[in-house]
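Examining the three-dimensional arrangement
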Amino acid sequence: MNKLMLFYLAVNFFFLACGGLILGFSLVSEQQEKATPTVANVAYTLLLTECPLTAGVVNSIFVFITFLLSLPALAMPNSRSWLKVQAWGLIVCSIFTLVLGLVIWFDTLETRRNLAVIWGQQSMQVQALLQERFQCCGYLNSVTPPFVQDAICPNAQVAATKMGCVGPFSSFANIYLDLIFTAAFGIVGVDVLLLLCVVMVIKYREEQERYRHIDEKVNGF
């Protein structure tokens, strides 16, 4: 077990941990979507509905399968076939994760428009929770669309003095979604690093096999 193989093993298990992270985030987020809306979770819940969580679960399954493909390669120190299969699996995983990250990133480019649609789809109870969460009235302003009467916006006079929810809601959404797609791009970086390790291990084993053939010819004489 040389330094190259130790580094490959470390990155390989880190790759597995990233798959666990994707799966855990997707499953926990799906459960959070079903939770009763509160002031604390309402903004997160609405944003999670815009994330491809089911695709995240599928992506994590591909990661686990790709990791399992590396086990025969470790059990057979001279084999390169399983490493090549793992390399193709890594390419699929990296492209899959990259696409998920890009989907979320593209959503952040049209945050205000997307949130306007989301706001319009919510019940008055959820809109009131958002108003309380961001201390605002209405979406663009107190009359566009009309605010929901609650403790934050008890009447039109008070509501008119408060800003619309579009500003703070958009800022919150951008920060939260930026964190998610940045993590996705970071996982792609791990995929690429492991792919480079796999290529180096394949090259190393190829050289070792060539040296064995040379030794066999020399010893044959």
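Residues numbered from 1 in each chain as written. Predicted model: local features only at pLDDT ≥ 70, side-chain atom pairs only at ≥ 80, totals over all residues. Heavy atoms only, no water.

Going by an unreviewed UniProt entry, the chain carries the name Tetraspanin and comes from Microthyrium microscopicum.

**Considerations on the overall build of the chain**
Helix and strand counts for the chain come out as 8 helices and 0 strands. When the elements of the chain are put in sequence order from the N terminus, they spell out α-α-α-α-α-α-α-α. The C-alpha radius of gyration of the chain comes to 25 Å, more than 25% above the 17 Å expected for a compact globule of 221 residues. Expressed as lengths along the three principal axes of its C-alpha atoms, the size of the chain is roughly 100 × 25 × 25 Å. Classification of the 221 residues of the chain by burial places 40% in the buried group. For the chain, long-range pairs separated by at least 24 residues make up 75% of all intrachain contacts whose partners lie at least 6 apart in sequence. If you sum the accessible surface of the chain, you get close to 12,000 Å²; carbon and sulfur atoms cover 68% of it. (Helix = DSSP H or I, 4+ residues; strand = E, 2+ residues; numbered from the N terminus. Rg over C-alpha atoms; globule rule 2.2 N^0.38 Å. Buried < 20%, exposed > 50% of the residue type's maximum accessible area, 1.4 Å probe, protein only. Contact = heavy atoms within 4.5 Å. Areas by Shrake-Rupley, 256 points an atom, 1.4 Å probe, with all protein chains shown as cover.)

**Side note on the packing of helix α1 (residues 3-33) against helix α4 (residues 81-108)**
Running from N to C, α1 and α4 cross one another at 40 degrees; their axes reach a closest spacing of 14 Å. Taken together, the axes of α1 and α4 lie oblique to each other. In this structure, α1 crosses over α4, and the sense of that crossing is left-handed. Listed contacts from α4 to Y8, N12 and F15 of α1 are L83, Q86, L90 and C93. Among the residues forming the contact of α1 with α4, the class breakdown is 5 nonpolar, 2 polar and no charged. (Axes fitted to C-alpha atoms, helices over the stretch in contact; angles between N-to-C directions. Parallel < 35°, antiparallel > 145°, perpendicular 65-115°, else oblique. Left-handed = near helix turned anticlockwise from the far one by under 90°. Nonpolar A, V, L, I, M, F, W, Y, C, P; charged D, E, K, R; others polar.)

**Observations concerning the UniProt feature "transmembrane region" (unreviewed entry) in the chain**
Within this numbering scheme, the UniProt entry marks residues 7-28, 53-75, 87-106 and 179-202 as carrying the feature "transmembrane region" (unreviewed entry). The span residues 7-28 is 100% helix and 0% strand, and its two end C-alpha atoms sit 31 Å from each other. The distance from the first to the last C-alpha atom of residues 87-106 is 28 Å, and the span holds 100% helix and 0% strand. (UniProt positions renumbered as here; feature names shortened; annotations may be inferred.)

**Thoughts on the nonpolar core**
Ranked by size, the top nonpolar core spans 26 residues in total, and within it L46, L115, L130, F134 and F169 carry the most contacts. For this core, the secondary structure elements donating two or more residues are α2 (42-48), α5 (111-121), α6 (124-134) and α8 (166-220). If one sorts the elements of this core by residue count, α8 sits on top with 8 residues. In this view, L115 contacts L47, Y139, F169, S170 and A173; residues no more than four positions away in its chain are not counted. (Core = buried A, V, L, I, M, F, W, Y, C linked by side-chain atoms within 4.5 Å.)

**Comments concerning the environment of I175**
Relative to the helices and strands, I175 is located in helix α8. When its relative accessible area of 62% is taken as the criterion, I175 is described as exposed. Spatially, the C-alpha atom of I175 lies 46 Å from that of P77, the residues being 98 residues apart in sequence.

**Quick word on a nonpolar patch on the surface**
A contiguous nonpolar patch, built from V58, F62 and V92 and spanning about 210 Å² of accessible area, is present on the exposed surface. Relative to the helices and strands, V58 resides in helix α3 (residues 53-75). (Patch = residues over 30% accessible without salt bridge, like charges linked within 9 Å, V, L, I, M, F, W, Y side chains within 5 Å. Salt bridge = Lys/Arg side-chain N within 4 Å of Asp/Glu carboxyl O.)

**Quick word on the state of the cysteines**
Counted according to the given criterion, the structure contains 2 disulfides. Here C137 pairs with C153 through a disulfide, and the sulfurs are 1.9 Å apart. Between C137 and C153, the S-S dihedral sits near -100 degrees, and the bridge is therefore left-handed. Separated by 16 residues along the polypeptide, C137 in the loop between α6 and α7 (156-160) and C153 in the loop between α6 and α7 bring together distant segments of the chain. Look at the chain and number its bonded cysteines as they come in the sequence; the links are 1-4, 2-3. Distance from the sulfur of C197, which forms no disulfide, to the nearest cysteine sulfur (C18) is 13 Å. (Disulfide = S-S within 2.5 Å.)

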